[in-house]
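# Chains, contacts and geometry: an overview
Each chain, letter by letter, is given below.
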Amino acid sequence: MNNTYSPKEFGKLIGRTTNTLQKWDREGKLKAHRSPISNRRYYTHEQYLQYRGLVAQEQGLTIVYTRVSGMAQKPDLAHQIKALEAYCQQQSIKVNEWMTDIGSGLNYKRKQFNRLMDLIELGQVRRLVIAHHDRLVRFGYEYFEAFCQKHHTELVVINGENLSPEQELVRDLIAIVTVFSARLHGLRSYKKVLKEAALQKE
């Protein structure tokens, strides 16, 4: 399921033309969001649910979550936070809490990350805003996206590629290769032990 829809996609969902959506946007009846990067208009899945009368009025927390892998990336963290502040201000999003973790996107034991997941599971988070998919998790994003949807949390991803440091991806990929190399070495050693044990029995 998409998090966002273009005006054409959203109009098709609700059976309205893009001209009607533009009119509603001007009148304030159904305001479109705008990307801070491309300035293109878009609509969220929550707006679709609200239009259909499937969700109640605003309730719960709006949380912004930020992350970098290490202390050396504090400048990246500051850049990430600044971009999110600008986005929330532009979209008139009132933030209840800012959460920050310093740790790998492969690590699911991050303190604020786990606290965030607990709050979502308890139904206390109405909206979660992140800069990029991998700020939440490096892999398995689709699972967490479904988790948020299940607990009625709107997941807003502004998808700023410049907010996802390339060195983090390289570091995480190296970590994965290292782990699997160690496992492969261990498997080979295990096979060697079995082979030697079999020879001894002969």
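Residues numbered from 1 in each chain as written. Predicted model: local features only at pLDDT ≥ 70, side-chain atom pairs only at ≥ 80, totals over all residues. Heavy atoms only, no water.

## Regarding the nonpolar core
The line we're drawing: Residues belong to one nonpolar core when they are buried, are Ala, Val, Leu, Ile, Met, Phe, Trp, Tyr or Cys, and are joined through side-chain atoms within 4.5 Å. Burial classification: accessible surface area is computed with a 1.4 Å probe over protein chains only, and a residue below 20% of its type maximum counts as buried, one above 50% as exposed, and the rest as partly exposed. Working definition: helices are DSSP H or I runs of at least four residues, strands are E runs of at least two. Numbering for both runs from the N terminus. Contacts are assigned to residue pairs that have any heavy atoms within 4.5 Å of one another.
Counting residues in hydrophobic clusters, the biggest one holds 19 residues, and the most contacted among them are Y65, L116, M117, I120, L128, I130 and L136. Looking at this core, the elements that each hand over two or more residues are β4 (61-68), α5 (111-121), β6 (125-130), α7 (141-150) and β7 (154-157). Among the elements that make up this core, the one with the highest residue count is α5 (5 residues). Setting aside its immediate chain neighbours within four residues, L128 contacts I63, Y65, L116, I120, L136, C148, T153, E154, L155 and V156. By size, the runner-up hydrophobic cluster in this structure holds 10 residues, among which are Y42, V64, V129 and A131.

## A word on the side chain of R127
Stated precisely, the cut-off is as follows: Here a polar contact is taken to be a pair of N or O atoms separated by no more than 3.5 Å, where protein atoms must pair a possible hydrogen donor with a possible acceptor and residues adjacent in sequence count only if both atoms sit in side chains.
Structurally, R127 is set in strand β6. A polar atom in the side chain of R127 sits 3.0 Å from the side chain of T62.

## A closer look at the packing of aromatic side chains
As a reminder, the rule being used: Any pair of Phe, Tyr and Trp rings, taking the six-membered ring for Trp, is counted once the centres come within 6.5 Å. Such a pair is stacked with planes under 30 degrees apart, edge-to-face with planes over 60 apart, and tilted for the rest. We count a charge as sitting over a ring when the NZ of a lysine or the CZ of an arginine lies within 6 Å of the ring centre and within 35 degrees of the ring normal.
Enumeration over the complete set of coordinates arrives at 7 aromatic pairs. A ring pair is formed by Y108 and F113, whose centres lie 6.0 Å apart and whose planes are at 25 degrees; its orientation type is stacked. The class of F113 is buried, set by a relative accessible area of 2%. Here the aromatic cluster, defined as three or more aromatic residues joined through ring pairs, consists of Y108, F113, Y143, F144 and F147. The ring of F113 has R110 sitting right over it, with the charged end atom 4.5 Å from the ring centre.

## Comments concerning a positive patch on the surface
The condition that has to hold: Patches in this entry comprise residues that are over 30% relatively accessible and not in a salt bridge; like charges within 9 Å are linked, as are nonpolar side chains (Val, Leu, Ile, Met, Phe, Trp, Tyr) within 5 Å. With residues, only the protein chains shown are counted as cover, and all accessible areas are computed by Shrake-Rupley using a 1.4 Å probe. Salt bridge, as used here: a side-chain nitrogen of Lys or Arg that lies within 4 Å of a carboxyl oxygen of Asp or Glu. Charged-residue counts in this description rest on Lys and Arg as positive and Asp and Glu as negative, His and the chain ends being excluded. To locate a charge, take atom NZ for lysine, CZ for arginine, CG for aspartate or CD for glutamate.
The grouping of R16, K23, R26 and K29 at the surface amounts to a positive patch. Secondary-structure assignment places R26 in helix α2 (residues 18-27).

## Some points on the pairing of β7
Side chains on a regular strand alternate between the two faces of the sheet. The line we're drawing: Two strands pair if DSSP finds at least two bridges between them.
Residues E154 and V156 line one face of β7 and the alternating positions L155 and V157 line the opposite face, and both faces are buried. Alignment of β6 against β7, held across 4 bridges, turns out to be parallel. Following the sheet pairing, R127 is matched in β7 by E154.

## Structural notes on the pattern of salt bridges
The tally for this structure, following the rule as stated, stands at 6 salt bridges. Across the pair R115 and E97 runs a salt bridge, and its minimum N-O distance is 2.6 Å. Highlighted residues: R115 in helix α5 and E97 in strand β5 (residues 97-102), separated in sequence by 18 residues. On the basis of relative accessible area, E97 is assigned to the partly exposed category, the value being 22%.

## Overview of the sheet that holds β4
Our working rule: Simply put, an axis is a line fit to the C-alpha atoms, just over the touching stretch for a helix, and the angle between two N-to-C directions goes from 0 to 180 degrees.
Read across the sheet, 4 strands follow the order β5-β4-β6-β7 without closing on themselves; strand pairing throughout is parallel. Two strands bound the open sheet, and with one partner strand each, they are β5 and β7. Here the strands of the sheet are splayed against their neighbours by 20 degrees on average, with no regard to which way each runs. Packed onto the sheet, α5 meets β4, β5 and β6 and runs at close to 140 degrees relative to β5.

## As for the environment of Q47
Among the structural elements, Q47 can be located in helix α3 (residues 45-51). The class of Q47 is buried, set by a relative accessible area of 9%. The sequence separation of Q47 and Y5 amounts to 42 residues, and the corresponding C-alpha distance is 9.9 Å. Discounting chain neighbours no more than four positions away, the residues touching Q47 are F10, L30, K31, H33 and Y42.

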